Number of protein chains: 2
Amino acid sequence: MQEELEGTEGGLSRRKLLVGAGLLAAGAVGMGINPMGVLAGANEAEASAAAYPWPYKKLDIAEAGRLAYEGYYPGMSCSYATLKGIFPLLAKSVGEPYRSFPIEGVQWGVGGVVGWGTLCGTLMGAGLAIGLIAGDGAEAIINDLMFWYSETELPIFNPGKLAHAELKVRSVSGSPLCHLSTAKWMSRAGVGYKDPLRIDRCARVAADVAMQTATRLNKWVAGEYRPENKRKYSITEFGLAAQTNCAACHENGVPKLFK
Amino acid sequence: MQEELEGTEGGLSRRKLLVGAGLLAAGAVGMGINPMGVLAGANEAEASAAAYPWPYKKLDIAEAGRLAYEGYYPGMSCSYATLKGIFPLLAKSVGEPYRSFPIEGVQWGVGGVVGWGTLCGTLMGAGLAIGLIAGDGAEAIINDLMFWYSETELPIFNPGKLAHAELKVRSVSGSPLCHLSTAKWMSRAGVGYKDPLRIDRCARVAADVAMQTATRLNKWVAGEYRPENKRKYSITEFGLAAQTNCAACHENGVPKLFK
């Protein structure tokens, strides 16, 4: 049972696997899958008349980066900045529902959720955009984005003659966590969290993630998106939701939780 | 500079501190704060006609829990389930914009973002609801919710005669991360990730977080919300976005990144 946990190579979504495995009975009463493949509860009709997924038109990648970078500075929220690189462009090219969605509502992603250092806020903002736009294809794209973020020397984006042109240092986070991503960059750059260079680094990462999101959604809408990485990162390898680079946190070896 | 990083005891928001500290100039061109206190970029008029924050009416706490628990089972997405406990009730009592928002768009939060074990998906779903509803008050409420989640023996919710009534084990996660939260519960319960009891545990946690979210938003809308915890968890203590219980990951001591 529960093939959704096994990891799949692209293609099949968690939802399709669940349906295929006939697992819907477990505790669910009156639930079902509608013809669009959208999850539907007993109260669906009264709960939501939502169109899903949201419509999408190809984005200008460079413009997405510029808007995200500039969007970082008013409130220094990386989650807000990333979404600022995507939704305002779609508000212009598509209109609703982007025009009515207040991206201020994701500012809390700052610092890996109000400073706790968990998921990098840029990935939360990007995840929300991809989740609303790519429907059944969203999880594969988000999974690839998490890999790209963890394995790429960032930041790549350069705002040119704007603030902090002297920022040259790049680093590989090895993780989608704000805590590790910022710590590794700060260590290499030799600056603290409050340094204007660290702040500009995070603005540039927001631009990078917005550009990656736009690049991947542009491929997806053209029917050309091919998942790059195995899904469900390491549940089969370690027996729980986890990254595979354990030593990034567990310097002293992985705890033996289960006898 | 950057008082927003210093941690504040309730009351003042990050945004207000930023404005007070006159930090808006750094790299921002044509940005401003509108009379509602909402961040506004140069393209605001064309980017969004969004009403923000979203309207709210007091929720039935028990109903929020029941809907979240039942919402978990069709697709086993904790982020979807938590939002399912909140938005459909507001779609009935308030109407738009809840009726038009497709909560399917947050399913990717499953397993701490498609199985990576980062932020518990229930907190992503709850964060989005609180962020859209509580405006300037959202970050204090989300911060308190992160503390509550990390320090409370979960799950509390009991679906009664529904599935897996034998589930009795509770555990304290010490963290808002899926990886730690599920690992500690599984260790205490002696079951693996794929066990139906672990799955029901996460359905119950979604119910708990939905109920906590509803409880806190009900207080907030009545003007009775008092922040319980210091903001910006440990930036001042450790020099970066982080939790304070370092040994939860760094069993061999905290790395010395900065000489």
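Residues numbered from 1 in each chain as written. Chains lettered and ligands numbered in written order. Predicted model: local features only at pLDDT ≥ 70, side-chain atom pairs only at ≥ 80, totals over all residues. Heavy atoms only, no water.

(A) Main features of the overall build of chain A. What chain A contains, in helices and strands, is ten helices and two strands. From first element to last, N terminus to C terminus, chain A shows the α and β order α-β-β-α-α-α-α-α-α-α-α-α. Counting every position in chain A, which comprises 259 residues, the buried fraction comes to 60%. Considering only intrachain contacts with a sequence separation of at least 6, the fraction spanning at least 24 residues in chain A is 65%. (Helix = DSSP H or I, 4+ residues; strand = E, 2+ residues; numbered from the N terminus. Buried < 20%, exposed > 50% of the residue type's maximum accessible area, 1.4 Å probe, protein only. Contact = heavy atoms within 4.5 Å.)

(B) The packing of aromatic side chains, seen in detail. Inspection of the entire model under this criterion finds 21 aromatic pairs over all chains. The interplanar angle of 70 degrees and the centroid separation of 6.0 Å between the aromatic rings of A:Trp54 and A:Phe101 together place this pair among those described as edge-to-face. Of this pair, A:Trp54 sits in the loop between helix H2 (44-47) and helix H3 (61-72) while A:Phe101 sits in the loop between helix H5 (87-93) and helix H6 (121-133), and the two are 47 residues apart along the sequence. As far as the burial class goes, A:Trp54 and A:Phe101 line up, both buried. An angle of 85 degrees between the planes, with centres 5.7 Å apart, marks the rings of A:Tyr72 and A:Tyr73 as edge-to-face. Across the pair, exposure class does not vary: A:Tyr72 and A:Tyr73 are buried alike. An aromatic cluster is defined as three or more aromatic residues linked by ring pairs; in this entry it consists of A:Trp54, A:Phe87, A:Tyr98, A:Phe101, B:Trp54, B:Phe87, B:Tyr98 and B:Phe101. Stacked on the ring of A:Tyr193, the Lys or Arg A:Arg198 has its end atom at 3.7 Å from the ring centre. (Phe/Tyr/Trp six-rings, centres within 6.5 Å; stacked < 30°, edge-to-face > 60°. Lys NZ or Arg CZ within 6 Å of the ring centre and 35° of its normal.)

(C) Structural view of the packing of H6(A) against helix H9 (residues 196-221) of chain A. All names here are of chain A. It is the contact of H6 with H9, at a shortest axis distance of 9 Å, that shows an interaxial angle of 20 degrees. Here H6 lies roughly parallel to H9, going by the angle between them. Considering the relative orientation of H6 and H9, their crossing is right-handed. Listed contacts from H9 to Thr 122, Leu 123, Ala 126, Ile 130 and Ile 133 of H6 are Val 205, Ala 206, Val 209, Thr 213, Leu 217 and Trp 220. For the contact of H6 with H9, the per-class residue count stands at nine nonpolar, two polar and no charged. (Axes fitted to C-alpha atoms, helices over the stretch in contact; angles between N-to-C directions. Parallel < 35°, antiparallel > 145°, perpendicular 65-115°, else oblique. Left-handed = near helix turned anticlockwise from the far one by under 90°. Nonpolar A, V, L, I, M, F, W, Y, C, P; charged D, E, K, R; others polar.)

(D) The packing of H6(A) against helix H7 (residues 138-151) of chain A, seen in detail. Residue and element names in this part refer to chain A. Close contact between H6 and H7 brings their axes to 9 Å; oriented N to C, the two are set at 160 degrees. What the angle tells us is that H6 and H7 run roughly antiparallel. By crossing handedness, the relation of H6 to H7 is classed as right-handed. Here H6 contributes Thr 122, Leu 123, Ala 126, Gly 127, Ile 130 and Gly 131 to the contact with H7, which in turn contributes Ala 138, Ile 141, Ile 142, Leu 145, Met 146 and Tyr 149. When its residues are assigned to classes, the contact of H6 with H7 shows nine nonpolar, three polar and no charged.

(E) View of the pattern of salt bridges. All told, the structure shown has ten salt bridges over all chains when counted by the stated rule. A salt bridge links A:Arg216 to A:Glu228; the nearest nitrogen and oxygen atoms lie 3.2 Å apart. Of the two residues, A:Arg216 sits in helix H9 while A:Glu228 sits in the loop between H9 and helix H10 (235-238), which places them twelve residues apart along the sequence. Looking at A:Arg216, the relative accessible area reads 6%, which means it is buried. Across the pair B:Arg66 and B:Glu70 runs a salt bridge whose closest N-O atoms are separated by 3.1 Å. Of the two residues, B:Arg66 and B:Glu70 are both situated in helix H3 (residues 61-72); the distance of four residues between them amounts to about one turn of the helix. Counted as one network, the salt bridges with shared partners bring together A:Glu63, A:Arg66 and A:Glu70. (Salt bridge = Lys/Arg side-chain N within 4 Å of Asp/Glu carboxyl O.)

(F) Main features of the confidence of the model for chain A. Residue and element names in this part refer to chain A. Mean pLDDT over chain A stands at 81; residues scoring 70 or higher make up 76%. With pLDDT under 50 throughout, residues 1-48 is counted as low confidence; its partners more than four residues away or in other chains account for 92 contacts. On the interface metric, ipTM, the complex scores 0.83, and its pTM is 0.83. (pLDDT = per-residue confidence, 0-100.)

(G) Representation of the state of the cysteines within the structure. Scanning all chains against the criterion turns up zero disulfides over all chains. Of all cysteine sulfurs, the one in A:Cys78 lies closest to A:Cys202, which takes part in no disulfide; the gap is 6.5 Å. Assessed through its relative accessible area of 9%, A:Cys202 is described here as buried. We note that B:Cys120 lacks a disulfide partner, and the nearest cysteine sulfur, in B:Cys78, lies 5.1 Å from it. (Disulfide = S-S within 2.5 Å.)

(H) Expanded view of helix H6 (residues 121-133) of chain B. If you check H6(B), its first and last C-alpha atoms are 18 Å apart, about what 13 residues at 1.5 Å a residue would give, namely 18 Å. Positive phi appears at B:Gly135, one or two residues downstream of H6(B), with a value of about 50 degrees. (Expected span 1.5 Å × (residues − 1).)

(I) The environment of B:Phe157, seen in detail. All names here are of chain B. For Phe 157, the position within the fold is in the loop between helix H7 (138-151) and helix H8 (178-189). When the C-alpha atoms of Phe 157 and Ala 206 are compared, they prove to be 9.0 Å apart, with 49 residues separating the residues in sequence. With near-sequence residues (within four places) excluded, Phe 157 lies in contact with Gly 65, Arg 66, Tyr 69, Arg 204, Ala 207, Asp 208 and Met 211.

(J) Examining the nonpolar core more closely. Ranked by size, the top nonpolar core spans 118 residues in total, and within it A:Phe87, A:Phe101, B:Phe87 and B:Phe101 carry the most contacts. Sequence-distant contacts of A:Phe87, defined by excluding residues within four places in its chain, comprise A:Trp54, A:Tyr98, A:Phe101, A:Ile103, A:Ala129, A:Leu132 and A:Ile133. (Core = buried A, V, L, I, M, F, W, Y, C linked by side-chain atoms within 4.5 Å.)

(K) Quick peek at the side chain of A:Arg201. Residues and elements named next belong to chain A. With respect to the helices, strands and loops of the structure, Arg 201 is situated in helix H9. For the buried Arg 201, which has no salt bridge, the nearest side chain bearing the opposite charge is Asp 208, at an N-O separation of 7.9 Å. Here Arg 201 is in contact with Pro 155, Leu 167, Ser 181, Thr 182 and Trp 185, once residues within four sequence places are set aside. (Lys, Arg positive; Asp, Glu negative; His and termini not counted.)

(L) Examining the environment of A:Ile61 more closely. Residues and elements named next belong to chain A. You can see Ile 61 is positioned in helix H3. Among the residues examined, Ile 61 registers a relative accessible area of 25% and is labelled partly exposed. Apart from residues lying up to four places away in sequence, Ile 61 is in contact with Met 211, Ala 214, Thr 215 and Asn 218.

(M) A look at unusual backbone geometry. Residue and element names in this part refer to chain A. A cis amide bond links Glu 96 to the next residue, Pro 97, at an omega of 5 degrees. With respect to the element layout, Pro 97 can be found in the loop between H5 and H6. One non-glycine residue, Val 114, lies in the positive phi region at around 35 degrees. By the element assignment, Val 114 lies in the loop between H5 and H6. Since its relative accessible area comes to 1%, Val 114 is described here as buried.

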